[in-house]
Amino acid sequence: MAQGQLHIDLAALQANWRALDARSGAKVQTAATVKANGYGLGAGHVAHALARAGARRFFVAIAEEGVAVRSAIGPDLPIHVYSGHMEGDARLIAEAGLIPMLNSTEQLTRQFEALPGHPFGIQLDTGMNRLGMEPAEWQAVGEIALSQRPELVMSHLACADEPDHPMNARQLEVFHSLTDGINVPRSLAATGGILLGPDYHFEITRPGIGLYGGAPFTEAQAVVRLSIPVIQIREVAAGETVGYGNTFKAPDDMRLATIAAGYADGIHRVLSNQAILWAGDIPCPLVGRVSMDLLTIDVSNVDGTPETLDLLGPHQGIDAIADVIGTIGYEVLTGLGYRYARHYQPGA
Ligand SMILES: *Cc1c(COP(=O)(O)O)cnc(C)c1O
């Protein structure tokens, strides 16, 4: 079998949820963000495991993502949609029982016309300038919106992964000025916001990346391990070249393993001649270019023939790989390819 094996540890996911939940007070509800197919790990499996761990509320990016989450968690727990209510969403919102977080007067009107009486929430912009009603817009329509009793009013922090950034306090102040006294549950914090402390927690937090083992929640347990099968081993003599473009020339005689994953599986081509893979505890450099389905790895230091090499695992997490590429763990996770076999180690 040449299929890469992606092991997803649901017990670690649940432990991360509990650890983040423990960072806020007993009255704060810790929800879970499971957008982008549960950060690439399978929204249904992830949502089901988190519900079993105690999560009582879920967030997705677009209404279509809510369907898989709904079938995984049953009819009762709320699922919010960050993108709100787009044209054509009404049926999905009604059938899957979703709560659109309305981002504009246009969405507010669409919701009230298409689904009067259906639960909704409001997203406010407190300075990130990405989603949500602007303060002036909220001033104009807030009273009408509040008269329809929203489930939740939320905003999102732009710089929460930098605790000392002055933007955090600025957005907190704006959020207070827009929402104090409204008597509706409020949410401002994702993973980074939870770590900023209780001032940022309000009634509901909605972590994503920390659940899946990524920064800025540095205490998180690793959730993923990626093992890639070795197809072939060969000896190359000093001076021979490896892979497309001859970008690697063997400085000595060496042993190479050709393994079954490439950029089609989300292994970024920038990792060519850069990444390290692991044979148990032995680091093995990737040599030559990443191609579509294959990588060539220097296994000269490995005794015998390894069956698989790990790109992600105990020695190298998503953030370590992200650093090499020049991106963030979020992108590494959500880029994990569809071609891997996904194995779920059951949680509680
Ligand atoms: C993705 C997202 C989250 C979760 O953020 P993490 O940094 O992954 O914890 C929360 N709120 C909004 C609006 C988001 O887009």
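Everything below is about the structure printed above this text.
For the structure given in this document, a descriptive report is provided here. Nothing here was measured: the structure is a model prediction, and the numbers come from that model. Every chain is numbered independently, its residues counted from 1 as its sequence is written. With the structure being a predicted model, the display of local features is reserved for residues of pLDDT at least 70 and the display and counting of side-chain atom pairs for 80 or more, all residues being used for whole-chain, interface and lining totals. The basis for every side-chain value is the complete set of heavy atoms in the structure, and neither hydrogens nor water enter the calculation.

**Looking at the overall build of the protein**
A tally of regular secondary structure across the protein gives eleven helices and 19 strands. Overall, the protein is about 75 × 40 × 35 Å in size when its C-alpha atoms are taken along their principal axes. Expressed as a percentage of its 348 residues, the buried residues of the protein come to 52%. Should any heavy atoms of two residues lie within 4.5 Å, those residues are considered in contact. Across the protein, the fraction of contacts at a sequence separation of at least 24, relative to all contacts at a separation of at least 6, is 62%. Counting only carbon and sulfur atoms, one obtains 51% of the accessible surface of the protein, whose full area is about 15,600 Å². By the counting scheme adopted, Arg and Lys are positive, Glu and Asp are negative, and His together with the chain ends is not counted. Here the site of a charge means atom NZ of a Lys, CZ of an Arg, CG of an Asp or CD of a Glu. Charged side chains of the protein number 23 positive and 37 negative; the gap between the two group centres comes to 4 Å. Helix numbering and strand numbering both begin at the N terminus, where a helix is a DSSP run of H or I of at least 4 residues and a strand a DSSP run of E of at least 2. Partly exposed residues are those whose accessible area sits between 20% and 50% of the maximum for their type, while under 20% is buried and over 50% is exposed, using a 1.4 Å probe and protein chains only. Calculation of accessible area relied on Shrake-Rupley with a 1.4 Å probe; when residues are assessed, cover is drawn exclusively from the protein chains displayed.

**Side note on helix 8 (residues 166–179)**
Between the first and last C-alpha of helix 8 there are 20 Å, a value that for 14 residues agrees with the 20 Å anticipated at 1.5 Å per step. Lining the buried residues of helix 8 we find helix 7 (135–147), strand 8 (153–154) and strand 9 (186–187). Positive phi shows up at glycine 181, right after helix 8, with a value of about 85°. Expected helix span is computed as 1.5 Å times (number of residues minus one).

**Re the nonpolar core**
As used here, the term nonpolar core means buried Ala, Val, Leu, Ile, Met, Phe, Trp, Tyr and Cys residues forming a set that is joined through side-chain atoms within 4.5 Å. Counting residues in hydrophobic clusters, the biggest one holds 70 residues, and the most contacted among them are Leu50, Phe58 and Leu309. Per-element tally for this core: the top contributor is helix 3 (residues 43–53), with seven residues. Start and end positions for the domains come from either an automated domain assignment or a database one. Shared between two domains, this core takes at least three residues from each, and those domains are domain 1 (31–212) and domain 2 (224–345). Apart from residues lying up to four places away in sequence, leucine 50 is in contact with Leu13, Trp17, Ala32, Val34, Ala55, Phe58 and Leu211. Judged by nonpolar contacts, the second largest core, of 20 residues, contains Leu108, Ile122, Leu157 and Phe175.

**Regarding the packing of helix 3 against helix 4 (residues 63–73)**
Here the axes come from fitting lines to C-alpha atoms, over the contacting stretch only for helices, and the angles between their N-to-C directions go from 0 to 180 degrees. Running from amino to carboxyl end, helix 3 crosses helix 4 at an angle of 45°, the nearest separation of the two axes being 8 Å. Classified by the angle their axes make, helix 3 and helix 4 are oblique. Here the hand of the crossing between helix 3 and helix 4 comes out right-handed. Residue-level inspection shows Ala43, Gly44, Ala47, His48 and Ala51 of helix 3 in contact with helix 4, the latter providing Ala68, Val69, Ala72 and Ile73. Side-chain classes follow a simple rule in which Ala, Val, Leu, Ile, Met, Phe, Trp, Tyr, Cys and Pro form the nonpolar group, Asp, Glu, Lys and Arg form the charged group, and the remainder, Gly included, forms the polar group. Of the residues contributing to the contact of helix 3 with helix 4, the split by class is seven nonpolar, two polar and no charged. Roughly parallel means an angle under 35 degrees; roughly antiparallel means over 145; roughly perpendicular covers 65 to 115; every other angle is labelled oblique. Should the near helix be turned counterclockwise from the far one by less than a right angle, the crossing is left-handed, whereas a clockwise turn marks it as right-handed.

**Description of the sheet that holds strand 4 (residues 58–60)**
Across the sheet, seven strands lie side by side as 3-4-5-6-7-8-9; this open sheet has parallel pairing. Here the strands that pair on one side only, and so sit at the sheet edges, are strand 3 (32–33) and strand 9. Only when DSSP finds a minimum of two bridges between them are two strands counted as paired. Relative to strand 8, strand 7 (residues 121–123) is paired through two bridges, and the arrangement is parallel. Considered in strand 8, the bridge of isoleucine 122 is made with valine 153.

**Side note on the site of the ligand**
It suffices for a single heavy atom of a residue to lie within 4 Å of a molecule or strand for the residue to be listed as near it. Taken together, 14 residues are adjacent to the ligand, and Lys35, Tyr39, Thr191, Ile209 and Tyr330 come closest. Side-chain atoms alone can form a polar contact between residues adjacent in sequence; in general such a contact is a pair of N or O atoms within 3.5 Å, and within protein one must be able to donate a hydrogen while the other accepts it. Here threonine 191 contributes a side-chain N or O atom positioned 2.6 Å from an oxygen atom of the ligand. A distance of 2.8 Å is found between an oxygen atom of the ligand and a backbone nitrogen or oxygen belonging to glycine 208. Protein chains bury 92% of the 390 Å² of accessible surface belonging to the ligand in isolation. Here the shell around the ligand is composed, by residue class, of seven nonpolar, four polar and three charged.

**Regarding the environment of phenylalanine 120**
Mapped onto the fold, phenylalanine 120 is located in the loop between helix 6 (105–114) and strand 7. Overall, phenylalanine 120 belongs to the buried group, its relative accessible area being 2%. The sequence separation of phenylalanine 120 and isoleucine 93 amounts to 27 residues, and the corresponding C-alpha distance is 9.9 Å.

**Here we look at the side chain of threonine 30**
By the element assignment, threonine 30 lies in strand 2 (residues 29–30). One polar contact links threonine 30 to aspartate 21, side chain to side chain, over a distance of 2.6 Å. If near-sequence neighbours (up to four positions away) are discounted, threonine 30 is found in contact with Trp17, Asp21, Ser24, Ala55, Arg56, Thr205 and Pro207.

**What to know about the packing of aromatic side chains**
Two measures describe an aromatic ring pair: the distance that separates the ring centres and the angle between the ring planes. A pair of aromatic rings is counted whenever rings of Phe, Tyr or Trp (Trp by its six-membered ring) have centres within 6.5 Å, and the orientation is called stacked for planes under 30 degrees apart, edge-to-face for over 60 and tilted otherwise. Overall, the coordinates contain five aromatic pairs when judged by the stated rule. Ring geometry for phenylalanine 59 and tyrosine 82: centres 5.2 Å apart, planes at 15°, overall stacked. Residue phenylalanine 59 is located in strand 4, and its partner tyrosine 82 is located in the loop between strand 5 (79–81) and helix 5 (90–95); the two are separated by 23 residues in the primary sequence. Exposure class is identical for phenylalanine 59 and tyrosine 82. Each is buried. Each ring, one from phenylalanine 112 and one from phenylalanine 120, has its centre 5.2 Å from the other, and the planes form 75°; the classification is edge-to-face.

No statement about biological role is implied by the geometric values presented.
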